Amino acid sequence: MKNSIRGAVALMACVGASAAMAQSSVTVYGLLDTGVVHTTNANAAGDSVTKMPSLTGSFPSRIGFRGAEDLGGGLQLVFTLEAGLTMDSGSMGQGNRLFGRQASVGLKGAFGTVTLGRQINMTYIAGMKSDVMGPNLFAIGSIDPYLPNARSDNAIGYLGNFNNFVIGATYSTGRDVSAAGGPAATGCPGEVAGNSKACRQITGLFGYETPAWGLNASYDIMYGNVGAAGGLTSSDNSDKRVTANGYVKVGEGKIGAGIVDRTTRAATGLSESDLYFLGVSYPVTPLTTLDTQVARRDLKNSSADATMVVARLTYYFSKRTASYVGIGRMKNSGLSAIALDAGGTVGAGKTQNGVMAGLRHSF
């Protein structure tokens, strides 16, 4: 009899443990994307270059872990750990951080989702549906490298969707702890006693989005401190972006457009610019999609403007594997030196043409 009771208790314990495990889940996922690019006028002498890019192909490579636990009453604990990979060398991305793309934990419910940690902010989210090229090697991220790298360290985030109205915000006490350089590592850790403004960042989002069409606007202001990149070497320096974005489905295709108004108050002075973009994505065949985009940066009180035209054709071997080819042209005016390929180089005032091809696999 005692053995039967013990067996029943053990069985119930196993069932209880299985039920508890069924209430939580962890997903391992990733994306591998790399290729080859050739661009003209890569330096002042007008030389061309052929290379394997490190920042991105059609999408940046990454590996991640995403999980959720059901806490009952419609409440979930959620977390994301996502590492960026550079496929050309196998090193870590985002300033050599282990989980440089995302490292956050939070609570999700009917009220929305509240997250803590390093996370994508509202400037990133605002453009996701309207920017048809996304973080492609030839895209608006070449003109403003912050846009595909809009993340905040030490951040509290909120995102909610209520009857198609989207509301979100982030508040960072120290926006970027890495000093490795580049748009994803600008050396502004903040959290300075007696100066709460140092390296603080605030972003916000409000929009109305449906599967057929959507509009949103975002606000993003980041402050500097001693040693920070981009001329933001004081907490009185700031870099502000206000965006308006929209998209509409037309048949099987989509049209997306937006504007980014930027004001930078740096140690070197005041700089103002507007970035406009318009793109179209259309499935030419069930297995082939054509994406095109035109963009222009207007730098106020300067002739250093730039105009970009790009196109990408993607062929899907399966839901997980695709190959792509792309072409682009960046016309620099005045002393503008914006490279067509993200992270690339170009001679000042030179027009740069480029072609690219690559392979992408997700898991």
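Let me begin by describing the structure that accompanies this report.

1. Side note on the overall build of the chain
Line of reasoning, step 1. The helix and strand tally for the chain stands at three helices and 18 strands.
Line of reasoning, step 2. For 363 residues, the compact-globule formula gives about 21 Å, and the C-alpha radius of gyration of the chain, at 23 Å, lands near that figure.
Line of reasoning, step 3. Taken over the C-alpha atoms alone, the chain extends approximately 90 × 60 × 40 Å along its principal axes.
Line of reasoning, step 4. Out of the 363 residues belonging to the chain, those deemed buried represent 44%.
Line of reasoning, step 5. Restricting the contact set of the chain to residue pairs at least 6 apart, pairs at least 24 apart contribute 56%.
Line of reasoning, step 6. Approximately 17,300 Å² of the chain is accessible, and the part contributed by carbon and sulfur atoms is 63%.

2. Quick notes on the pairing of strand S12 (residues 238-250)
Line of reasoning, step 1. Taken together, the eleven bridges between strand S11 (residues 213-223) and S12 define a ladder with antiparallel strand orientation. If you follow Tyr223 over to S12, its bridge partner there is Ser238.
Line of reasoning, step 2. As paired elements, S12 and strand S13 (residues 253-266) share 13 bridges and run antiparallel to each other. Across the sheet, residue Ala244 finds its bridge partner in S13, namely Ile259.
Line of reasoning, step 3. Joining the antiparallel neighbours S12 and S13 is a turn of two residues, in which Gly251 adopts a positive phi near 65°.

3. What about the side chain of Asp220?
Line of reasoning, step 1. Locating Asp220 in the fold gives a position in strand S11.
Line of reasoning, step 2. Separated by 2.7 Å, the side chains of Asp220 and Thr123 make a polar contact.
Line of reasoning, step 3. At 2.6 Å, the side chain of Asp220 and the side chain of Tyr146 are in polar contact.
Line of reasoning, step 4. Residues contacting Asp220, with those up to four places away along its chain left out, are Asn121, Thr123, Tyr146, Gln201, Ile202, Thr203, Asp239, Lys240 and Arg241.

4. Focus on the nonpolar core
Line of reasoning, step 1. Ranked by internal contacts, the top residues of the largest apolar core, which has 22 residues, are Phe138, Ile140, Ile143, Leu275, Ala295, Met308 and Met330.
Line of reasoning, step 2. Elements with a contribution of two residues or more to this core: helix H3 (140-143), strand S14 (269-285), strand S16 (306-316) and strand S17 (321-332).
Line of reasoning, step 3. Among the elements that take part in this core, S16 stands out by supplying three residues, more than any other.
Line of reasoning, step 4. Contact partners of Phe138, with chain neighbours within four places excluded, come to Val37, Met133, Val310, Gly326, Ile327, Gly328, Leu340, Asp341, Gly354, Val355 and Met356.
Line of reasoning, step 5. Counting twelve residues, the second largest nonpolar core, distinct from the first, contains Tyr124, Tyr146, Ala150 and Ala266.

5. Re the pattern of salt bridges
Charged atoms that come close allow side chains of opposite charge to pair.
Line of reasoning, step 1. The full count for this structure, using the stated rule, is 13 salt bridges.
Line of reasoning, step 2. The salt bridge involving Arg101 is made with Glu82; its shortest N-O contact spans 2.6 Å. Separated by 19 residues along the polypeptide, Arg101 in the loop between strand S5 (91-92) and strand S6 (102-109) and Glu82 in strand S4 (residues 75-86) bring together distant segments of the chain.
Line of reasoning, step 3. Assessed through its relative accessible area of 5%, Arg101 is described here as buried.
Line of reasoning, step 4. Relative accessible area serves as the criterion here: at 4%, Glu82 is assigned to the buried category.
Line of reasoning, step 5. Connected through salt bridges with shared partners, the residues Arg97, Arg118, Asp153 and Asp176 form a single ionic network.

6. Points about the environment of Phe206
Line of reasoning, step 1. Tracing the backbone shows Phe206 in strand S10 (residues 201-209).
Line of reasoning, step 2. For the pair Phe206 and Ala169, spaced 37 residues apart in sequence, the C-alpha to C-alpha distance is 9.0 Å.
Line of reasoning, step 3. If sequence neighbours within four positions are ignored, Phe206 has contacts with Phe165, Val166, Ile167, Asn216 and Ala217.

7. Thoughts on the packing of aromatic side chains
Line of reasoning, step 1. Under the definition given, this model contains five aromatic pairs.
Line of reasoning, step 2. Centroid distance Tyr315 to Phe317: 5.1 Å. Interplanar angle 85°. Geometry classified as edge-to-face.
Line of reasoning, step 3. By relative accessible area, Tyr315 is classed as partly exposed at 36%.
Line of reasoning, step 4. The lysine or arginine in question, Arg66, covers the ring of Tyr29, its NZ or CZ lying 4.2 Å from the ring centre.
Line of reasoning, step 5. It is Lys254 that lies over the ring of Tyr247; its NZ or CZ is 5.9 Å from the centre.

8. What about the pairing of strand S15 (residues 288-299)?
Line of reasoning, step 1. Across twelve bridges, S14 lies against S15 in antiparallel orientation. The partner of Ser281 across the bridge, within S15, is Asp291.
Line of reasoning, step 2. Linking S14 back to S15 in an antiparallel pair, the connection comprises two residues.
Line of reasoning, step 3. Judged from the ten bridges that link them, S15 and S16 form a sheet pairing that is antiparallel. Of the residues in S16, the one forming a bridge with Val294 is Val309.

9. Regarding unusual backbone geometry
Line of reasoning, step 1. Phi at Asn96 is positive, roughly 65°, even though this residue is not glycine.
Line of reasoning, step 2. Tracing the sequence through the fold places Asn96 in the loop between S5 and S6.
Line of reasoning, step 3. Relative accessible area serves as the criterion here: at 57%, Asn96 is assigned to the exposed category.
Line of reasoning, step 4. Positioned with a positive phi, Glu191 is a non-glycine residue whose angle comes to about 55°.
Line of reasoning, step 5. Relative to the helices and strands, Glu191 resides in the loop between strand S9 (165-172) and S10.
Line of reasoning, step 6. Judged by its relative accessible area of 53%, Glu191 falls in the exposed class.

Rules of the game
- Residues numbered from 1 in each chain as written.
- Predicted model: local features only at pLDDT ≥ 70, side-chain atom pairs only at ≥ 80, totals over all residues.
- Heavy atoms only, no water.
- Helix = DSSP H or I, 4+ residues; strand = E, 2+ residues; numbered from the N terminus.
- Rg over C-alpha atoms; globule rule 2.2 N^0.38 Å.
- Buried < 20%, exposed > 50% of the residue type's maximum accessible area, 1.4 Å probe, protein only.
- Contact = heavy atoms within 4.5 Å.
- Areas by Shrake-Rupley, 256 points an atom, 1.4 Å probe, with all protein chains shown as cover.
- Pairing = 2+ DSSP bridges.
- Polar contact = N/O pair within 3.5 Å; in protein donor to acceptor, adjacent residues only side chain to side chain.
- Core = buried A, V, L, I, M, F, W, Y, C linked by side-chain atoms within 4.5 Å.
- Salt bridge = Lys/Arg side-chain N within 4 Å of Asp/Glu carboxyl O.
- Phe/Tyr/Trp six-rings, centres within 6.5 Å; stacked < 30°, edge-to-face > 60°.
- Lys NZ or Arg CZ within 6 Å of the ring centre and 35° of its normal.

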